[in-house]
Amino acid sequence: MNVIEIKNLTKIYNSSEVQVKAVNGISIDFKEGEFTAVVGPSGSGKTTFLNMLGGLDRPTSGDVIIGGVNIWQLSSRKLIDFRKNNIGFVFQSYNLIPVLTAGENVEFIMQLQGKPRKERDIRTKELLEAVGIGERIKARPSKLSGGQQQRVAVARALASKPEFILADEPTANLDSTSTTSLLELMSQMNKKYNTTFIFATHDQRVMDKARRIVTIEDGKILSDEYFDRD
Amino acid sequence: MQIFTEDYHENKTINNTFIYTDSLKQIIDNEPTITQYTSRLEYFSLASSENLTKGSVIIGIDPEGENKVTELKKWVSEGNYLNKDDDGLLVAIDLANYLNVGVGDSIVLYGQGFHGVMAAGIYPVRGILKFPSPELNKQFIYMPLKSCQRLFSADNRLTSIVLMIEDNYQLSRAMRHMKGKIKSPFMVRSWEELQPELVQMIDGDKAGGLFMKTLLYIIITFGILGTILMMVSERKRELGVMIAIGMQRFTLSKILLAETFFIGLIGAVSGLIVSFPLVYYYHLNPYPLTGDAAKTMIDMGIEPFMYFSIQPDIFYVQAFVVLIITMAIAIYPVIKSFTLKLTTALRG
């Protein structure tokens, strides 16, 4: 079953005299439970593609249809609600809210969803334990290592029970031990919750773990390959 | 405020004095804004001691009433203040030095009394007055009203009645009431009408104060603006994350508005807490002025001190203005929350 359908997605940046096609008419589908790496060199359009996919950056043209909803036809307000309930984000520089503890960062999105306190507490604890930092629930991001912060970010992304998680260069700021452990964690989460993961990366270790690799260059899909990792 | 006759207003001679009637007393007693009043007989005379003589202003006063209205007693630097039935004098210090007299010495007053009769008498010096104004120190002699009326053969006659109201904010109301009740041949005048040059000086001082206040508000505005700009700039990524993961921009704007309000509130309240003890200290111990500023004030007959007020409205008006400024500046984070570009904000 297709979770995401992308049709002829294009993003053009107009600088002073030059038009840059960051994403050039990409059409692709992602199925439920996929563990996909979108790869390509710097400036190939991976991040722009992911941002449009996640409803963060408006495309110049084309459609992003998630669960039958064309997200770029939604009002700004409905798009934010859509992101809240359907999309999880893991950013390169973690982007945790610095004044909140690890637990509060995870709980925050559930609070936005209006989940009751008890349910939030239980799920926060469960997710932080699942990502292996249950004991750091009360620690603020500044007291956590990069790897630990990214684990909190993964837990936060999973907290809203999204249909898919977009991770933009999630391992770029991590050492190799943290990277291996994070990839293992995300792979487990993918299997445990059947959540679709889409990574933008040029980290070989992520590619080695991905079951599908989409290669982008100059804003176009160069290749789309499936791998059996089990 | 002062009550005197219309003739005395035109020509300040003892012949234009008046007798304090029951009807006049009733008018004053019935005016709720008047808290204190005192009677005066004021005229000129020569003051002599041995072979020294000088023209002086003689003021007959009710010692107790005068002290309630003008706090005359606090200027006694030597000797004692007057009693109601006293027959002595309080002499301003420069005049006493000129006449070479001190407490216990005698002064001869010699001049013209009511309707041209001769006014002469010898009076002991009970005390020396030291005013902050050199002008006052040069020429003033105070004596009890009865004694003064005897000197000038002006029994029961007064040149003026001095009225005091609780606070200056009630002056215009009190003047309106009194002007409606005081009929010819009497008239009532406020201190503003009697001392226009002082009003001018106060207006000048107020304009300076307003300029300083405006300058301070501008500095405060930029201070708060800087803080808020910094707050938004430093938290751009955090705000971007909040919107990205599902917080509505309107909700975020409300949070930022509340945060800014509390920053303003905490600033205003802590400003009050820190400033009040300092202001209160200077309220109790007025700040002495020196140099040219002091000289100018002394020349105007005003004590060279900077007085601090602890009137509550001064404090809450400032706090309120700071809050208003803060809330006006809060428009910036609100606008920012609606215009924040997520992809830029998330990059930090």
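You'll find the structure just up there.
Residues numbered from 1 in each chain as written. Chains lettered and ligands numbered in written order. Predicted model: local features only at pLDDT ≥ 70, side-chain atom pairs only at ≥ 80, totals over all residues. Heavy atoms only, no water.

What follows covers the overall build of chain B. A count of helices and strands for chain B gives 15 helices and 14 strands. Computed over the C-alpha atoms, the radius of gyration of chain B is 30 Å, more than 25% above the 20 Å expected from 2.2 N^0.38 for a compact globule of 348 residues. Looking at chain B as a whole, 41% of its 348 residues are labelled buried. Taking the intrachain contacts of chain B between residues at least 6 apart in sequence as the baseline, contacts between residues at least 24 apart amount to 71%. Total accessible area on chain B is roughly 18800 Å²; 60% of this is exposed by carbon and sulfur atoms. (Helix = DSSP H or I, 4+ residues; strand = E, 2+ residues; numbered from the N terminus. Rg over C-alpha atoms; globule rule 2.2 N^0.38 Å. Buried < 20%, exposed > 50% of the residue type's maximum accessible area, 1.4 Å probe, protein only. Contact = heavy atoms within 4.5 Å. Areas by Shrake-Rupley, 256 points an atom, 1.4 Å probe, with all protein chains shown as cover.)

This brings us to the side chain of S337 of chain B. Residues and elements named next belong to chain B. Tracing the backbone shows S337 in helix 14 (residues 331-339). Classification of S337 by relative accessible area gives buried; the value is 1%. If we ignore the near neighbours within four places in the chain, the residues touching S337 are I243, R249, L252, S253 and L256.

All names here are of chain A. Strand order in the open sheet formed by 6 strands is 6-7-8-3-9-10, with mixed pairing between adjacent strands. Pairing within the sheet leaves two strands with one partner each, and these edge strands are strand 6 (87-90) and strand 10 (220-226). Each strand of the sheet is rotated relative to its neighbour by a mean of 20°, with strand direction disregarded. The sheet contact formed by strand 6 and strand 7 (residues 164-168) spans 4 bridges and is parallel. Within the sheet, the bridge partner assigned to V90 lies in strand 7 and is A167. Contacts from helix 2 (residues 76-86) reach strand 6 and strand 7, with the element oriented near 75° to strand 6. Running at roughly 175° to strand 6, helix 5 (residues 146-159) makes contact with strand 6 and strand 7 of the sheet. (Pairing = 2+ DSSP bridges. Axes fitted to C-alpha atoms, helices over the stretch in contact; angles between N-to-C directions.)

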